[in-house]
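Residues per chain, in single letters:
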Amino acid sequence: MKVGILSDIHGNSDALTRVLEDASDKAVEKFLVLGDIVGYYYHPEEVIKLLSKLPHEIIRGNHEVILQDIQEKKIDKKIIMNKYGSGHEVALQNLSKNTLNWLYSLPLQKSLEVDGVHFQMNHGSPWNYDEYIYPDADTKVLDKCDSEKHDFVLIGHSHYAFSYKCEYSILINSGSVGQSRRKGGVAEWALVDTETMEHQLMETPYDVSKLLKEVLKNDPNVTYNLKILTR
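Structure report, in brief. (Residues numbered from 1 in each chain as written. Predicted model: local features only at pLDDT ≥ 70, side-chain atom pairs only at ≥ 80, totals over all residues. Heavy atoms only, no water.)

Looking only at helices and strands, the protein chain features 9 helices and 10 strands. For 231 residues, the compact-globule estimate of 2.2 N^0.38 gives 17 Å, and the protein chain sits close to it at 17 Å. Summarising its shape, the C-alpha atoms of the protein chain cover approximately 45 × 35 × 35 Å along the three principal directions. Evaluated residue by residue, the protein chain yields a buried proportion of 54% over its 231 residues. Nonlocal contacts in the protein chain, meaning residues at least 24 apart in sequence, comprise 67% of its contacts between residues at least 6 apart. Total accessible area on the protein chain stands at roughly 10500 Å², and carbon and sulfur atoms take up 48% of it. Here the protein chain holds 26 positive side-chain charges and 34 negative ones, and the gap between their average locations is 7 Å. (Helix = DSSP H or I, 4+ residues; strand = E, 2+ residues; numbered from the N terminus. Rg over C-alpha atoms; globule rule 2.2 N^0.38 Å. Buried < 20%, exposed > 50% of the residue type's maximum accessible area, 1.4 Å probe, protein only. Contact = heavy atoms within 4.5 Å. Areas by Shrake-Rupley, 256 points an atom, 1.4 Å probe, with all protein chains shown as cover. Lys, Arg positive; Asp, Glu negative; His and termini not counted. Charge placed at Lys NZ, Arg CZ, Asp CG, Glu CD.)

So, on to a negative patch on the surface. Together, E29, E113, D115 and E195 give the surface a local cluster of negative charge. A relative accessible area of 52% means that E113 is categorised as exposed. (Patch = residues over 30% accessible without salt bridge, like charges linked within 9 Å, V, L, I, M, F, W, Y side chains within 5 Å. Salt bridge = Lys/Arg side-chain N within 4 Å of Asp/Glu carboxyl O.)

Before going further, it helps to examine the packing of helix α3 (residues 62-71) against helix α6 (residues 97-105). Running from N to C, α3 and α6 point in directions that differ by 125°, and their axes come no closer than 9 Å. Taken together, the axes of α3 and α6 lie oblique to each other. As α3 packs across α6, the resulting crossing turns out to be left-handed. Between α3 and α6, the residues in contact are E64, L67, Q68 and Q71 and L100, L103 and Y104, respectively. Here the contact of α3 with α6 is composed, by residue class, of 4 nonpolar, 2 polar and 1 charged. (Axes fitted to C-alpha atoms, helices over the stretch in contact; angles between N-to-C directions. Parallel < 35°, antiparallel > 145°, perpendicular 65-115°, else oblique. Left-handed = near helix turned anticlockwise from the far one by under 90°. Nonpolar A, V, L, I, M, F, W, Y, C, P; charged D, E, K, R; others polar.)

This part is about the side chain of H63. Summarising the element assignment, H63 is placed in helix α3. Apart from the residues lying within four places of it in its own chain, the contact partners of H63 are H10, D36, V38, G39, Y40, Y84 and H88.

Structure (structure tokens):
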């Protein structure tokens, strides 16, 4: 079975649409989603709608935690808006109460078996959902992610894709579908073949022109959200 690994979609439905088209061409049958449906950009409801049509498993990311903290007034939403833009506020406006409660109830980590292959789903590191692990991380950190119980340990959060062979398992950071920090207009994800145990880091180009206009309209002062799309 072909399994697609997606993370950090961040309300970018244009990027996700192209990834799902690419995945369909590659006969992907199941998706593992590593969190951060919301944040930065503006169409989390469309992201959830697209995913709901497909066989998938999903966990919560740090931006779902932030979203709940905003709603419960544990964080000043102005601070979040200045840092990330209005994506969280849009999510609170556009997602139903039931959908929000569903997002908040998602686990921060999940283990599952797909076609006899064992996966561990994480957003950040396996021990901290909000810890960034980058491609140039010390090997001691990378080796700490190893798991005798899993064939693949999956992470996201850093928006930089890479893979690393540990002693017992393969560590895969699938990068970011919605906001790659390597190159604008490219959605990053990963593909695992459970029959051959091979994996690939995928890059799917998409048109950022619509999203650029939305950023200029909604968050003209958050220049990072604009520049990262054209890097």
